[in-house]
Amino acid sequence: MGRGRLLGGCAWLLGGLALLQTLYLRALPPPAPPRRPHKPLPPPRGVLDASGTFRLYRDVLGPPSPRWAPPPDLVLATHGTPGRAAAALGGALEGGRWGGPLSVAVFGVPRAGLGQLLRALGGPCRGLRGRLRLHVVLGAAEPPPAVTPPLPRGPAAPGGCRGALGRVAAADPPSYTLGVPYPGNLLRNVAWAGAAGQDMGGGSGGPGPPGPGGGRFVLLLDADVVPSRGLREGFLRALRGGAPPLDPNAPEDPNVPKDPNALEDLNVQKDPNILRDPNAPKDPNVPEDANVPKDPNILKDPNILRDPNAPEDPNAPGPPQPPLSPVVFVLPAFEVRLGTPVPGTKAELRRLWGAGDARPFYGALCPRCQAPTDYGRWWALPPAPHLRVAYEAPWRDPWEPFYVGPAHGVPPFDERFLQYGFNRISQACELHVAGFRFAVLDGAFVVHGGFKEAAGFHGARGAEQHRNRLLFRRFRSDLRRRYPGSPRRC
């Protein structure tokens, strides 16, 4: 009898354990399916550019989110070879220098560097994909780029995202050794079109006629030029009315030449320090330029930061407003000595300037290319708590400013200009002929790392510049036909 009870108790105990085991197994999550090797996404579809030489692949990381850069917003657009594009993305990440949306056009040569960049954006830099539109330009006969989807999180890469981008940048050869002409203006147009939110369809897109997207602005920079900290936030604050957009009391610099053609004096080119001297003499015998705006109140327009292509509110009170003159907002451009930390504020930049470690962009090679920005007047401005429009600068040849412009309505870059010379000068010239005004911003600037020196350029630079100079003459003739009613010339 005692033995039977013992056996019965054991049976109950075993049954209870079996029940608990069953309940435990049912509570476990289902086993994960076996991992399959990652397959590339279907190859993106490319379209030929206008010349038929290059093929464009837009949004290779996938279409942007519907919430990407809702206007009003400022989008950073840039371009470069894979390594330079990686360096630009790393510079945007550094110290939170740019926390907003980006549009990057990559010239996919060398292909190994392009593959490295795409793998970085699928791995340690996948967090960038939500605010990045990436476009690739390749030779027309080249196979399309192979893009992998974002990889699941794995072991952290050395240095994280910035480390991965730095390795891509370090392996990048100079653009003049690629064996194919660098299509800088094509890439600028592609990057701008992505920033503007355009469907590029069968062409490069880029700046162009007014379209949807009013209230969105674009800052287009070369890959080796970075914006000052807080530029986007300050511009949007001014755009939304959180700060006065214009200081009408900004003092005139009495030592600045009033004649916009004074810098046409051939002796200017011989003095690389002309932009450092606020007392540079003016030539009283140079005739006045008829293209300079005569209205002293032109900068008192309270709507100067408004997008001229934004739709009008039909319910707005008051009489209809006349059309606004188109404006681009010029950012003073500087270069700092190689190895010097890139300044983030005007105060930091002033210290470098005083120590001789910063100077105007192209200050030694082409002083006239940035002289219309009027550095003497910019430095003389009183401190301001917010970014503001400080003054209007008349266009002068051969200005090549970096600027913030409305996403739509800006003339595109002429894609015939390849390699070095006249690529940005030509577009600034067309802005002038098309009737744009140039308003200089205070409280923000852009910086190139390293001094530009003649010895740092490749041997073919002179030949490239000569070819593009001849093309620029034809370009100016084209402008007269394109803008027959414009009184402006360049």
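Residues numbered from 1 in each chain as written. Predicted model: local features only at pLDDT ≥ 70, side-chain atom pairs only at ≥ 80, totals over all residues. Heavy atoms only, no water.

**Quick look at the overall build of the protein**
Consideration 1: Check the secondary structure of the protein and you find eleven helices and 14 strands.
Consideration 2: The burial tally for the protein puts 48% of its 490 residues in the buried class.
Consideration 3: Taking all contacts inside the protein whose residues are at least 6 apart in sequence as the whole, residues at least 24 apart take part in 83%.
Consideration 4: With an accessible surface of roughly 23,800 Å², the protein has 58% of that area assigned to carbon and sulfur atoms. (Helix = DSSP H or I, 4+ residues; strand = E, 2+ residues; numbered from the N terminus. Buried < 20%, exposed > 50% of the residue type's maximum accessible area, 1.4 Å probe, protein only. Contact = heavy atoms within 4.5 Å. Areas by Shrake-Rupley, 256 points an atom, 1.4 Å probe, with all protein chains shown as cover.)

**Brief notes about helix 4 (residues 160-170)**
Consideration 1: Of all the positions in helix 4, only C161, G163, A164, L165 and V168 are classed as buried.
Consideration 2: Contacts made by the buried residues of helix 4 are with helix 2 (82-93) and helix 3 (111-122).

**What to know about the nonpolar core**
Consideration 1: By size, the foremost hydrophobic cluster in this structure holds 110 residues, and its most contacted members are L74, L121, L134, L219, F329 and W378.
Consideration 2: For this core, the element with the most residues is helix 5 (residues 184-196), which contributes seven residues.
Consideration 3: Discounting residues that sit within four places of it in the chain, W378 has contacts with P332, F334, K346, L349, Y391, V440, L441, D442, A444 and F445. (Core = buried A, V, L, I, M, F, W, Y, C linked by side-chain atoms within 4.5 Å.)

**Quick look at the sheet that holds strand 10 (residues 358-360)**
Consideration 1: Pairing in this open sheet of four strands is mixed, and the strands run 7-14-9-10 from one edge to the other. This sheet does not close on itself; its edge strands, each paired only once, are strand 7 (225-227) and strand 10. Going from strand to strand, the sheet's axes swing by 35° on average, the running direction of each strand aside.
Consideration 2: The sheet strands contacting helix 8 (residues 346-354) are strand 9 (333-336) and strand 10, and the helix crosses strand 10 at an angle near 95°. (Pairing = 2+ DSSP bridges. Axes fitted to C-alpha atoms, helices over the stretch in contact; angles between N-to-C directions.)

**Notes on the sheet that holds strand 12 (residues 402-406)**
Consideration 1: The strand order across the open sheet built from ten strands is 1-2-5-4-3-6-12-8-13-11, with neighbouring strands paired in mixed fashion. Across the chains shown, the open sheet's two edge strands, defined by having one partner strand only, are strand 1 (47-48) and strand 11 (388-392).
Consideration 2: Direction of pairing for strand 4 (residues 102-107) relative to strand 5 (residues 132-139): parallel, over a ladder of six bridges. Opposite A105, over in strand 5, you have H135 as the bridge partner.
Consideration 3: In this fold helix 3 packs onto strand 4 and strand 5, with an angle of close to 165° to the strand it touches most, strand 5.

**A short note on the confidence of the model for the protein**
A low pLDDT means the predicted coordinates there should not be read in detail.
Consideration 1: For the protein, mean pLDDT is 79; residues scoring 70 or higher make up 68% of the total.
Consideration 2: When mean pLDDT is taken per element in the protein, strand 9 scores highest with 98 and helix 7 (residues 267-270) scores lowest with 33.
Consideration 3: Below a pLDDT of 50 lies the segment residues 310-323, which in the model reaches four contacts outside its immediate sequence neighbourhood of four places, other chains included. (pLDDT = per-residue confidence, 0-100.)

**Here we look at the state of the cysteines**
In a disulfide, the sulfur atoms of two cysteines are held together by a covalent bond.
Consideration 1: Per the stated rule, a full pass over the model turns up three disulfides.
Consideration 2: Across the disulfide from C125 sits C161; the S-S distance is 2.1 Å. Across the disulfide from C125 to C161, rotation about the S-S bond amounts to roughly 110°, and the bridge is consequently right-handed. Residue C125 is found in the loop between helix 3 and strand 5, and its partner C161 is found in helix 4; the two are separated by 36 residues along the sequence. Of the two residues, C125 and C161, both sit in the buried class.
Consideration 3: Across the disulfide from C429 sits C490; the S-S distance is 1.6 Å. With C429 in helix 10 (residues 423-433) and C490 in the segment after helix 11 (461-482), this pair connects stretches of sequence that are 61 residues apart.
Consideration 4: When its relative accessible area of 1% is taken as the criterion, C429 is described as buried.
Consideration 5: For the protein, the disulfide bridges join cysteines in the arrangement 1-2, 3-4, 5-6, where the cysteines are counted in sequence order. (Disulfide = S-S within 2.5 Å.)

**Overview of the side chain of D478**
Consideration 1: Residue placement: D478 occurs in helix 11.
Consideration 2: Judged by relative accessible area, D478 falls into the buried class, the value being 17%.
Consideration 3: Here R481 takes part through its side chain, which lies 2.4 Å from a polar atom of the side chain of D478. (Polar contact = N/O pair within 3.5 Å; in protein donor to acceptor, adjacent residues only side chain to side chain.)

**Describing the pairing of strand 13 (residues 437-442)**
Consideration 1: Counting buried residues along strand 13, six of its six residues qualify, which places the element largely inside the surrounding structure.
Consideration 2: Side chains R437, A439 and L441 project from strand 13 onto one buried face, and the interleaved F438, V440 and D442 project onto a second face that is buried too.
Consideration 3: Where strand 8 (residues 327-331) meets strand 13, four bridges bridge the pair, whose relative direction is parallel. Paired with V327 across the strands is R437, a residue of strand 13.
Consideration 4: With four bridges connecting them, strand 11 and strand 13 associate as antiparallel partners. Bridge pairing in strand 13 places Y391 opposite V440.

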